[in-house]
Amino acid sequence: MKTKLIPAILACFAILASANPAPTSSAQAPAVTPAPLAPYPAYPQQAVPPQNYFNGLPKNINAQIQKLYPGAFIVDVDWEAYGYEIKLNNFMELYFDRNGNFLGQKFDD
């Protein structure tokens, strides 16, 4: 079986290689990109973020987290009905309301 299969596969590869020869660099014309119909804007769809937010969280929440746990960083942020649930890398969960007021904290191991 192998003696019939291997020559058949090699023959298929030879046929495919002869049907699609690799183009040479001298025969291939350089690619020309068409000119755009209208000039591109300098910064398309640039959204200006609100000034009281930093990476999706209100700045007062970030400031309170840095004041409470200066060496910790945020692992997860969940938006809940009451506000924000923020998990830190030191296994602390901090709770803030929608206005950024600190509600409490919990050690979550």
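Structural data are supplied above this passage.
Computed from a prediction, not measured in an experiment: that's the story for all the values here. Throughout this document, residue positions are counted from 1 along each chain, in the order its sequence is written. Confidence filtering applies because this is a predicted model: local features only for residues at pLDDT of at least 70, side-chain atom pairs given and counted only at 80 or more, and all residues used for totals across whole chains, interfaces and linings. With hydrogens and water excluded, all non-hydrogen atoms of the structure serve as input to the side-chain values.

Asker: How should the pairing of strand β4 (residues 83-88) be read in this particular structure?
Answerer: Consecutive side chains of a regular strand alternate in pointing toward one face of the sheet and then the other. The rule is simple: take the accessible area with a 1.4 Å probe, protein chains only, and divide by the maximum for that residue type; under 20% is buried, over 50% is exposed, in between is partly exposed. Helix and strand definitions follow DSSP, with helices as H or I runs of at least four residues and strands as E runs of at least two, each counted in order from the N terminus. With 5 of 6 residues buried, β4 lies mostly within the body of the structure. Only strands that DSSP links by at least two bridges are regarded as paired with each other. Bridge analysis of strand β3 (residues 74-79) against β4 gives 5 bridges, and the strand direction is antiparallel. Note on β4: the bridge partner recorded for Ile 74 is Leu 88. The turn linking β3 back onto β4 is made up of 3 residues. As paired elements, β4 and strand β5 (residues 92-97) share 5 bridges and run antiparallel to each other. Each bridged residue has a counterpart across the sheet, and for Tyr 84 the counterpart in β5 is Phe 96. Linking β4 to β5, which pair antiparallel, is a turn of 3 residues; within it Phe 91 sits at a positive phi near 65 degrees.

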